[in-house]
Amino acid sequence: MKLVCEKNKCTGCMACIDICQKNAIIIHDTMDAYNAVIDKDKCINCGMCHQICQNNSPVSVKKPEEWYQGWAENNEIRRKGASGGLAMAIAGSFINQGGVVCSCVFESGKFIFKLVDSVYDLQQFAGSKYVKSNPMGIYRAIKDQLKSKKKVLFIGLPCQVAAVRNYMGERIGKQLYTVDLICHGTPSPKVLEKFLSQYQQSLEKIEDIKFRIKGKFQIYEGYKGIITTGVCDRYMIAFLNALTYTENCYECQYAKKERVSDLTLGDSWGSQIKREERAKGISLVLSQSEKGIELLKMADLRLRSVSLEQAIENNQQLCCPSLKPEKWDEFFGKLKKGKRFNRLVEKYLPRNCLKQDIKRIMIKMHLYSSGAYKLNYGISMKQ
């Protein structure tokens, strides 16, 4: 089998697919790993896929120049955001300045990337998506926009930002602005489908999926939980404990203080700001370039000082990748053999599951409000 990069190290950025003029590359998804496989019969050995791959051609990174915590001044934008709404506020301002924004949307059962030039269309980008998305096709679309002298803001995971930068190059990339989202790792969509199938659901049947509402982590269809609303389900328990990521995520080259983008956004975990403000959502933002500072200045934001050391302490992925669980191989081995997803999570993370089961019973007995939740901003996200 001929691969674009080292086996099981593929990030799934799909840049190699977009660069190939012969349609000779497919992504092989085995749930526990992605691999970009080359069809030898179609390949003409031009080497473009190898050159564009971030594993073969690493992208430069920079230390943060400025760092803050804060939120969008617009209360509606802040309310709809996963944390403080900074991404949407920045994107809205960028469009108002004549730019185009690209990010991930959930559409027709798939997590794909789109370009929009209307503030109205930005809402489809809102919310965290704790699953691998598919940027295939978006690289050519972004390049067309840049060639037409349009400014483009790309918002995605660090590996996706690196792929966009590699694909565009330095010359055409002058009009490109990038925002990376602090990432713990991502599971294959096949893992999410395994979870949903237990409830006679599938991504194709769901019109609107959410993975969290502020500090409440669970899979929602619209605003209704797949299981009892207010309880962290097995998918999110596994995700938050790094059990379900693809193999490459545990060796992520972007999980460090030096970042690949102009701006880095995440949750301001461990914030000392008043509890009522934390409940509304607070974001962490790191700026690595003049473009990043420009993005912050153009947006209507309320920014506060934050200790960089504290931010790193409470965001493990600003210093190192998530730790690979000891039973990771065993978990995926049994999942591939058809073992029930929830049962496996219960086996490997029993205490976490028991805690949520007790919470579910208390909600049903009206001893606990499904609207109540522990403020995750006071919890370290270290694995």
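Heads up: these notes are all about the structure in this document. (Residues numbered from 1 in each chain as written. Predicted model: local features only at pLDDT ≥ 70, side-chain atom pairs only at ≥ 80, totals over all residues. Heavy atoms only, no water.)

Our focus in this paragraph is the sheet that holds strand β1 (residues 2-3). Sheets are built from strands paired through backbone hydrogen bonds, the pairs being either parallel or antiparallel. Taken in spatial order, the 3 strands make up an open sheet running β1-β3-β2, and their pairing is antiparallel. Only two strands of the sheet have a single partner each, and these edge strands are β1 and β2 (25-29). (Pairing = 2+ DSSP bridges. Helix = DSSP H or I, 4+ residues; strand = E, 2+ residues; numbered from the N terminus.)

With that out of the way, let us pick up the side chain of Ser283. Assignment of secondary structure puts Ser283 in strand β13 (residues 283-287). At 2.9 Å, the side chain of Ser283 forms a polar contact with the side chain of Ser83. Sequence-distant contacts of Ser283, defined by excluding residues within four places in its chain, comprise Tyr68, Gln69, Gly70, Ser83, Gly84, Gly85, Leu86, Gly266 and Ser268. (Polar contact = N/O pair within 3.5 Å; in protein donor to acceptor, adjacent residues only side chain to side chain. Contact = heavy atoms within 4.5 Å.)

With 5 of 5 residues buried, strand β3 (residues 34-38) is to be regarded as a mostly interior element. The two faces of β3 match: Tyr34, Ala36 and Ile38 on one face and Asn35 and Val37 on the other face are all buried. Across 2 bridges, β1 lies against β3 in antiparallel orientation. Among the inter-strand pairings, Lys2 is bridged to a residue of β3, identified as Ile38. With 5 bridges connecting them, β2 and β3 associate as antiparallel partners. Paired with Asp29 across the bridge in β3 is Tyr34. Where β2 folds back on β3, the antiparallel hairpin that results is connected by 4 residues, among which Met31 adopts a positive phi of roughly 75 degrees. (Buried < 20%, exposed > 50% of the residue type's maximum accessible area, 1.4 Å probe, protein only.)

Note: strand β4 (residues 66-72) against β13, 5 bridges, orientation antiparallel. Paired with Trp67 across the two strands is Leu286, which belongs to β13. Where β4 meets strand β14 (residues 301-304), 4 bridges bridge the pair, whose relative direction is antiparallel. If you follow Gly70 over to β14, its bridge partner there is Leu303.

This next bit is on the environment of Ile77. As for its position among the elements, Ile77 is in helix α3 (residues 75-80). Since its relative accessible area comes to 27%, Ile77 is described here as partly exposed. Placed 46 residues apart in sequence, Ile77 and Gln123 show a C-alpha to C-alpha distance of 9.2 Å. Setting aside anything within four residues of it in sequence, one finds Ile77 in contact with Ala72, Gly85, Met88 and Ala89.

A few words now on a positive patch on the surface. A cluster of basic residues, Lys147, Lys149, Arg171 and Lys174, forms a positive patch on the protein surface. Turning to its location among the elements, Arg171 is positioned in helix α6 (residues 158-172). (Patch = residues over 30% accessible without salt bridge, like charges linked within 9 Å, V, L, I, M, F, W, Y side chains within 5 Å. Areas by Shrake-Rupley, 256 points an atom, 1.4 Å probe, with all protein chains shown as cover. Salt bridge = Lys/Arg side-chain N within 4 Å of Asp/Glu carboxyl O. Lys, Arg positive; Asp, Glu negative; His and termini not counted. Charge placed at Lys NZ, Arg CZ, Asp CG, Glu CD.)

Before going further, it helps to examine the packing of aromatic side chains. Tallied over the entire structure, the rule returns 20 aromatic pairs. On the numbers, 5.3 Å between centres and 70 degrees between planes, the contact of Phe94 with Tyr177 is edge-to-face. Residue Phe94 is found in helix α4 (residues 86-96), and its partner Tyr177 is found in strand β8 (residues 176-181); the two are separated by 83 residues along the sequence. Residues Phe94 and Tyr177 agree in their burial class; the two are buried. Between Phe331 and Phe332 the ring centres are 5.2 Å apart and the planes differ by 85 degrees, which places this aromatic pair in the edge-to-face class. The buried category is assigned to Phe331, whose relative accessible area is 0%. The ring of Tyr34 carries Lys132 above its face, with NZ or CZ at 5.6 Å from the centroid. We note Lys291 situated over the ring of Tyr177; from NZ or CZ to the ring centre the distance is 5.2 Å. (Phe/Tyr/Trp six-rings, centres within 6.5 Å; stacked < 30°, edge-to-face > 60°. Lys NZ or Arg CZ within 6 Å of the ring centre and 35° of its normal.)

Counting residues in hydrophobic clusters, the biggest one holds 78 residues, and the most contacted among them are Ile142, Leu192, Phe211, Ile219 and Tyr235. Sequence-distant contacts of Ile142, that is, excluding residues within four places in its chain, are made with Cys102, Leu115, Val152, Phe154, Val164, Met168 and Leu176. Core analysis: the second largest hydrophobic core is formed by 24 residues, Ile90, Ala91, Val105 and Leu263 among them. (Core = buried A, V, L, I, M, F, W, Y, C linked by side-chain atoms within 4.5 Å.)

Another point: helix α13 (residues 341-348). Every α-helix carries 3.6 residues per turn, so stepping three or four residues along brings you back to the same face. Within α13, the full set of buried residues consists of Phe341, Asn342, Leu344, Val345 and Tyr348. One face of α13 carries all of its buried residues, which in axial projection span an arc of 160 degrees. Buried residues along α13 sit against α7 (189-197), α8 (234-240), α12 (328-336) and α14 (350-364). (Arc of directions from axis to C-beta.)

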